[in-house]
Amino acid sequence: MHLLLLIAQKEIKVALRERLVVVLGGIILLLLGVALYAGYLAYQQQQAIITQVQTEKRQEWLNQGDKHPHIAAHYGTFVFKPKTVLSLFDFGLDAYTGTSKYLEAHHPHEFMFRPAQDHSSMIRFGELSAALVLRILVPLLIIFLAFAAFTRERESGTLKLLVAQGVSFSTLTWGKILAYVTLLAAMLLPFLLGIVMLSLANTQQETIPDVVTRAVLLALVYGAYLFLFIAFSVWVSLRSSTGRNALLILLSGWIFLGILMPKTVANLSENFYALPSMREFKATIEQDKINGLDGKTPRSVRMATLEKEYLEKYEVDSVQQLPFNFEGVSMQAGEEYGNTIYDHHLRELRQIFHQQNRLGSLASLLNPIIAVQHLSMALSGTDMRTFIHFEEQAEDYRRNLVRKMNADMAENSQYGEFYGYKAGSDLWQQMEDFSYQTPTAWQLLQYYRLEVISLLLWTALALVLIHYTHRKAKPLYA
């Protein structure tokens, strides 16, 4: 143990003498600090705007005055996806999905005001977030730290001397790994502690109740990921004859895994599982509303069937004789049929999303960077699964709002007197304000099993390779 600590101490001193490593480390730390600060400012500003606008929209709903309930259903309201405190660390898909949605009768609108719409095409390469710095740039620092871990000793002849004096390869390897882990921990610990403290001070208990668990899991995921890069970098150095070869291999792997492969997988998933355009999606829904899902049952036929059904049920000759306003019933029936059509097409659309994501998850088995990217977004509450969960909650709220307005119309108004009846604030207050709570981290991780398996397999592979190389290397230098 003492020898291992001595090796680690010596390796840290050597690393701190390398000007390139110190400069690169300083740049990465600066970028990490800037990314976190910018993320914190963006989180505060967006959350403040969301809170303010949501309050205003709630007041507009409550104070809209007396009007017919169906007109109120068309007047509608807005709901907003709250920013999670961990979104300051990983922006995820928030820029692409948007955070606000307009709710009204008949039309489940798409999300509005996507920040990516205001950016240039450069946003395809990602936004500068702390997660991006940890995922892409810190491994680059690790490469420059560790590529010469063994090649330097080998080229200077000190490796044979150390082995001849009884120092095992295992002690050397783990001493160097300990040194790099210590250096990175010293660099990154203040930032990690800052994120954990922000999580502890979280005021969004209702939105994201397990934020501390998520922060701890994020630290574990990135800790395992960076250890993986350190272990592989030291192993490549151990296997390489020269520092130039080790650096070339590691940089090639970094470019392929960090830049080329994620973009290739994304492009392949888009080509294999192509999404329809928004215009096509909406046009298909409208067409089915007109002709029916089977293409043979237009709205007039559906309404006639519904009217006949109610007349027979209540044994009356006309809808005017029904004990309620049939217009409210027919409007709700139209709404329910529209919901069925929308759910049918949305299910097909989401199936394509899931197929694209499935391809990404399978690719994560070959690329730990993709695995960490998916896990990071999920734990930060900025992934596709969290967005779909919010979208479903918002849609349930819209349907409940419309159902309540149509029910009030059916119960309290007269047939054919659409403008004769007006509801008031008593009805508006029956709709509680929209609130949202994210799924728990454990619920989300159920969707990311392949990514978790990927990290475990890659870590096991690194340890096996190091162990195997030690066994093969002993006879060579004994």
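Quick caveat, the model's predicted, so the values are computed rather than measured.

Chemist: I'd love a proper account of empty space enclosed by the protein, names of residues and values included.
Modeler: With the rule as written, the count across this model stands at four cavities of 30 Å³ or more. The calculated volume of the largest cavity comes to roughly 90 Å³. Surrounding the largest cavity, Leu-86, Phe-89, Leu-192, Ile-195, Val-196, Ala-215, Leu-218, Ala-219 and Tyr-222 form its lining. Secondary structure elements with two or more residues in the lining of the largest cavity: helix H8 (169-200) and helix H9 (211-239). Looking at the lining of the largest cavity element by element, the count peaks at four residues for H9. For the lining of the largest cavity, a count of residues per class yields nine nonpolar, no polar and no charged. Size it by volume and the second largest cavity reaches roughly 50 Å³. Secondary structure elements with two or more residues in the lining of the second largest cavity: helix H2 (19-62) and strand S1 (77-80).

Chemist: How would you sum up the packing of aromatic side chains? Please name residues and give values.
Modeler: Within the structure shown, the criterion is met by 18 aromatic pairs. Look at Phe-78 and Tyr-102: their rings are 5.1 Å apart centre to centre, the planes differ by 40°, and that puts the pair in the tilted class. Of this pair, Phe-78 sits in strand S1 while Tyr-102 is found in strand S2 (residues 100-103), placing the two residues 24 residues apart along the sequence. Aromatic pair Phe-281 and Tyr-342: ring centres 6.4 Å apart, planes at 70°, arrangement edge-to-face. Placement of Phe-281 in helix H11 (residues 278-291) and of Tyr-342 in helix H13 (residues 326-364) is noted, with a sequence separation of 61 residues between them.

Chemist: Please give an account of the packing of H13 against helix H15 (residues 384-412) that cites residues and values.
Modeler: Interaxial distance between H13 and H15 falls to 10 Å at its minimum, and their mutual angle equals 175°. As the angle between them shows, H13 and H15 are arranged roughly antiparallel. Grouping the amino acids of the contact of H13 with H15 by side-chain chemistry returns nine nonpolar, six polar and twelve charged.

Chemist: Tell me about the side chain of Asn-325, and please be specific about residues and values.
Modeler: One can find Asn-325 in the loop between helix H12 (299-314) and H13. At 2.9 Å, the side chain of Asn-325 and the backbone nitrogen of Glu-327 are in polar contact. Of note is the side chain of Asn-325, whose polar atom sits 2.7 Å from the side chain of Ser-413. Look past the residues within four positions of Asn-325 in its chain and what remains in contact with it is Met-409, Ala-410, Ser-413, Gln-414 and Tyr-415.

Chemist: Pulling in residues and values, what's your account of the confidence of the model for the chain?
Modeler: Counting all residues, the mean pLDDT for the chain is 87, and 95% of those residues have values of 70 or more. Mean pLDDT across the elements of the chain bottoms out in helix H4 (residues 94-97) (80) and peaks in helix H14 (residues 368-380) (94).

Chemist: Hey, could you go over the nonpolar core for me, with residue numbers and the actual values?
Modeler: Of all hydrophobic cores here, the largest spans 77 residues; its most connected members are Phe-89, Leu-134, Val-138, Leu-141, Phe-150 and Tyr-222. The biggest single contributor to this core is H9, with 15 residues. Not counting residues within four places of it along the chain, the set of residues in contact with Leu-141 comprises Val-21, Leu-24, Gly-25, Ile-28, Leu-184 and Met-187. By size, the runner-up hydrophobic cluster in this structure holds 23 residues, among which are Trp-61, Phe-111, Tyr-421 and Phe-434.

Chemist: Explain unusual backbone geometry residue by residue, including any values.
Modeler: Unusually for a residue other than glycine, His-106 sits at a positive phi of about 75°. Tracing the backbone shows His-106 in the loop between S2 and helix H5 (130-146).

Calculation criteria
Residues numbered from 1 in each chain as written. Predicted model: local features only at pLDDT ≥ 70, side-chain atom pairs only at ≥ 80, totals over all residues. Heavy atoms only, no water. 1 Å grid on protein atoms, 1.4 Å probe; cavity = no way out; pocket = protein on both sides within 12 Å on 5 of 7 lines; lining within 4 Å. Points joined across faces, edges and corners; volume = space filled by probe spheres on them. Helix = DSSP H or I, 4+ residues; strand = E, 2+ residues; numbered from the N terminus. Nonpolar A, V, L, I, M, F, W, Y, C, P; charged D, E, K, R; others polar. Phe/Tyr/Trp six-rings, centres within 6.5 Å; stacked < 30°, edge-to-face > 60°. Axes fitted to C-alpha atoms, helices over the stretch in contact; angles between N-to-C directions. Parallel < 35°, antiparallel > 145°, perpendicular 65-115°, else oblique. Polar contact = N/O pair within 3.5 Å; in protein donor to acceptor, adjacent residues only side chain to side chain. Contact = heavy atoms within 4.5 Å. pLDDT = per-residue confidence, 0-100. Core = buried A, V, L, I, M, F, W, Y, C linked by side-chain atoms within 4.5 Å. Buried < 20%, exposed > 50% of the residue type's maximum accessible area, 1.4 Å probe, protein only.

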